[in-house]
Amino acid sequence: MTDRRIGIWFLGFIAVAGVLLVLSFMIAMAGGFGYLEVIWRLLTGFTSFLGVNLPRISSDAGTWGPGLAAFGLALVVGHFFLRGWAEKRNRPWTAGSTLCAGLVLPLLFAISFLVPGVLLQVELLGDMRWFDRERGKTLVVHHMRQLQMAIIPGAADDSEDPFPDWPADFKPEEREHWDALVLAARENGNPLETPIYLGRWVTWKSDADLPLLISPAHREGGKRVRQVLTVGSEIVQIPAEDVDAWIDKAMAAGK
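The model shown is predicted, which means the values in this text are computed figures rather than measured ones.

Attention shifts here to the overall build of the chain. Tallying secondary structure elements over the chain gives eight helices and five strands in all. Listing every helix and strand of the chain by position from the N terminus yields α-α-α-α-α-α-α-β-β-β-β-β-α. Buried residues in the chain amount to 23% of all 255 residues. When the accessible surface of the chain is totalled, it reaches about 17900 Å², and 66% of it is carbon and sulfur.

What follows is the structure in structure tokens.
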């Protein structure tokens, strides 16, 4: 390939990259950043999922030890039967063959968990709106999820201790999402509200429906609403005027 042709290809690449960059900025300025966020979450969303669920996986040897021992014993016993079956038919059979055959069992076991999970996720995606015309709710929920991920590493499922003492013990990144949550819910003409954190009254063993974090009031579909992060990690939308009843439920549970 001549130097001239290489130069033409390089200039073409720069031109295409420049056009894509300009289009990206135009989409973002036009309020269409949500489409780019969808792509980003499809590529990196598994990291948030692992951050939420890995701390909940039990590492107790009493849970997985007996199952692993039974699986190993089944491989040893099965190897003798399979080798005898293969010798009668003049076919080679090694320990590696037994191991490969045995791995079908944990594969089917994993599929039995994955398939219902995939079907459930597809059902949930079908029941929810992928895009919100009012970006306030989208941003509010996003920052509440980020704060939730900051809570999880410091709490255990069997802990009777309260959640972190916010906002007194905020770390810089937690303060950043807290302030962003306030700004995301702002309404023109109204003073800024701070989120309502109820971690001092509930623990991981509390009722999953109890509120842990309540967002400032914001507009959704022409109505003033709030988003509630529950102990069970669900986001529930409530009318803004119902906030006192939710606060009373959390405080009553902590007495």
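Moving on, we get to the side chain of Q227. Residue position: Q227 is located in strand β4 (residues 223-230). Here Q227 falls in the buried class, since its relative accessible area comes to 1%. Among the polar contacts listed, one links the side chain of Q227 to the side chain of Q237, at a separation of 3.1 Å. When neighbours within four sequence positions are excluded, Q227 is seen to be in contact with K137, V140, V141, M144, L213, I214, S215, H218, I235, V236 and Q237.

You will see that N90, though not glycine, has its phi angle at about 55 degrees, which is positive. If you trace the backbone, N90 turns up in the loop between α3 (61-88) and α4 (95-102). Notably, S233 is not glycine yet its phi reads approximately 70 degrees, a positive angle. For S233, the location among the structural elements is in the loop between β4 and β5 (235-239).

Right, let's get into the pattern of salt bridges. Where charged atoms of side chains with opposite charge meet at close range, the side chains can pair. Under the definition given, this model contains three salt bridges. Close ionic contact of R224 with E193 constitutes a salt bridge, the shortest N to O distance being 3.6 Å. Of this pair, R224 sits in strand β4 while E193 sits in the loop between α7 (172-184) and β1 (196-197), and the two are 31 residues apart along the sequence. A salt bridge links E193 to R226; the shortest N-O distance between them is 3.1 Å. Of this pair, E193 sits in the loop between α7 and β1 while R226 is found in strand β4, placing the two residues 33 residues apart along the sequence. You can call R226 buried: its relative accessible area is 9%. It is possible to trace a salt-bridge network through shared partners that takes in E193, R224 and R226.

Moving on to a nonpolar patch on the surface. Together, V104, L107, L108, I111, V115 and L119 give the surface a local cluster of nonpolar side chains, amounting to about 540 Å² of exposed area. Residue placement: I111 occurs in helix α5 (residues 104-127). Owing to a relative accessible area of 38%, I111 belongs among the partly exposed residues under this scheme.

Here we come to the pairing of strand β2 (residues 211-214). Of the pairings in the sheet, the one linking β1 to β2 comprises two bridges and is antiparallel in character. Looking at β2, one finds that I196 is bridged to I214. Strand direction decides the pairing type here: β2 and β4, joined by three bridges, are antiparallel. What sits directly across from L213, in β4, is L229.

By the bridge criterion, five bridges tie β4 to β5 in an arrangement that is antiparallel. By the bridge assignment for β5, V228 is matched with V236. The antiparallel pairing of β4 with β5 creates a hairpin that spans four residues between the two strands, and S233 there sits at a positive phi of about 70 degrees.

A separate point is the side chain of H177. With respect to the helices, strands and loops of the structure, H177 is situated in helix α7. Among the polar contacts made by the side chain of H177, one reaches the side chain of H143 at a distance of 3.2 Å.

Cut-offs and rules
Residues numbered from 1 in each chain as written. Predicted model: local features only at pLDDT ≥ 70, side-chain atom pairs only at ≥ 80, totals over all residues. Heavy atoms only, no water. Helix = DSSP H or I, 4+ residues; strand = E, 2+ residues; numbered from the N terminus. Buried < 20%, exposed > 50% of the residue type's maximum accessible area, 1.4 Å probe, protein only. Areas by Shrake-Rupley, 256 points an atom, 1.4 Å probe, with all protein chains shown as cover. Polar contact = N/O pair within 3.5 Å; in protein donor to acceptor, adjacent residues only side chain to side chain. Contact = heavy atoms within 4.5 Å. Salt bridge = Lys/Arg side-chain N within 4 Å of Asp/Glu carboxyl O. Patch = residues over 30% accessible without salt bridge, like charges linked within 9 Å, V, L, I, M, F, W, Y side chains within 5 Å. Pairing = 2+ DSSP bridges.

By themselves, these are just geometric observations and shouldn't be taken as functional.
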